Amino acid sequence: MLTAVLREWFRETLPAAGNARRLGVLTLIQSLGLGVFLTSSAVFFTRTIGIPAQRVGLALSVAGLCGLVCTVPIGRLADRLGAGRVLTVNFLLAAVSFTAYCLVDGFAAFLAVACAIAVLETPAGALQASLTDALVGEAERVRVSAQMRSLFNLGFLGCRDTLPHLQR
């Protein structure tokens, strides 16, 4: 009985083989990485690097504004070059940018890296939606988009206990 329920859950949650499944795996990997980062980054920047919490909040607010402002130009670039190409470059640059956090030693560097990441992360969802639409077509768009959201949430759920020692 339990195996039948699990089998049905996997069938409903995982996209069909092919492009949709590859997008699903990409979504799950992205959410796992982002979830681990989000659960530990504030502690790293305040306790390890020593940036005051207020300045971390200020930098993340400025970064969010940068991401918002750059969403339309990146969308236009995706219209010209294709969402797949732009998303691929976007994820590669985001990986480099997240790695650059290792070099952060003060507020200015933190602000620069946070802005770069926000510029790359903010339009990623729209780029993925555009790519999903192009790869799976209109008939499967809603189902695959719902599966992607489920996989994204599943990735974050897997990160909820990343730092259990901080819950004291």
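Located above this text is the structure these notes cover.
Reading the values: rules and limits
- Residues numbered from 1 in each chain as written.
- Predicted model: local features only at pLDDT ≥ 70, side-chain atom pairs only at ≥ 80, totals over all residues.
- Heavy atoms only, no water.
- Helix = DSSP H or I, 4+ residues; strand = E, 2+ residues; numbered from the N terminus.
- Expected span 1.5 Å × (residues − 1).
- Contact = heavy atoms within 4.5 Å.
- Salt bridge = Lys/Arg side-chain N within 4 Å of Asp/Glu carboxyl O.
- Buried < 20%, exposed > 50% of the residue type's maximum accessible area, 1.4 Å probe, protein only.
- Core = buried A, V, L, I, M, F, W, Y, C linked by side-chain atoms within 4.5 Å.
- Arc of directions from axis to C-beta.
- Patch = residues over 30% accessible without salt bridge, like charges linked within 9 Å, V, L, I, M, F, W, Y side chains within 5 Å.
- Areas by Shrake-Rupley, 256 points an atom, 1.4 Å probe, with all protein chains shown as cover.

Caption draft 1: Highlighting helix α5 (residues 107-121). The end-to-end C-alpha distance of α5 is 20 Å, a good match for the 21 Å that 15 residues give at a rise of 1.5 Å each. Buried residues belonging to α5 abut α2 (19-48), α3 (53-81), α4 (83-100) and α6 (124-136).

Caption draft 2: Structural context of the pattern of salt bridges. Applying the stated rule across the entire model yields 2 salt bridges. Across the pair arginine 143 and glutamate 12 runs a salt bridge, and its minimum N-O distance is 3.6 Å. Of the two residues, arginine 143 sits in helix α7 (residues 141-157) while glutamate 12 sits in helix α1 (residues 2-13), which places them 131 residues apart along the sequence. The class of glutamate 12 is partly exposed, set by a relative accessible area of 35%. Between arginine 141 and aspartate 133 there is a salt bridge; the shortest N-O distance is 2.7 Å.

Caption draft 3: Main features of the nonpolar core. In this structure, Phe45, Tyr101, Val104 and Phe110 are the most contacted members of the largest nonpolar core, which totals 14 residues. Put simply, the parts of the chain that give this core at least two residues each are α3 and α5. If you tally residues by element for this core, the top one is α5, at 7 residues. Ignoring any residue separated from it by four or fewer positions in sequence, one finds tyrosine 101 in contact with Phe37, Phe44, Phe45, Phe110, Val113, Ala114 and Ile117. Counting 13 residues, the second largest nonpolar core, distinct from the first, contains Val86, Leu127, Val144 and Met148.

Caption draft 4: Structural context of α6. In this model α6 runs 18 Å from its N-terminal to its C-terminal C-alpha over 13 residues, within 8% of the 18 Å that 1.5 Å per residue would give. Among the residues making up α6, those that are buried are Ala124, Leu127, Gln128, Leu131 and Thr132. End-on view of α6: buried residues confined to an arc of 135 degrees, all on one side of the axis. Across from the buried face of α6, at angles greater than 90 degrees, the exposed residues are Ala126 and Ala134. For α6, the secondary structure elements touched by its buried residues are α2, α3, α4, α5 and α7. Backbone geometry just downstream of α6 places glycine 137 in the positive-phi region, at approximately 85 degrees.

Caption draft 5: Geometry of a nonpolar patch on the surface. On the surface, Met1, Leu2, Val5, Leu6, Trp9, Phe10, Leu14, Leu154 and Leu157 cluster together into a nonpolar patch covering about 920 Å² of accessible area. Sorting the residues of the nonpolar patch by element identifies α1 and α7 as the ones contributing at least two each. Counting residues per element, the nonpolar patch draws most heavily on α1, which supplies 5 residues. Residue placement: leucine 2 occurs in helix α1.

Taken by themselves, the reported measurements are silent on function.
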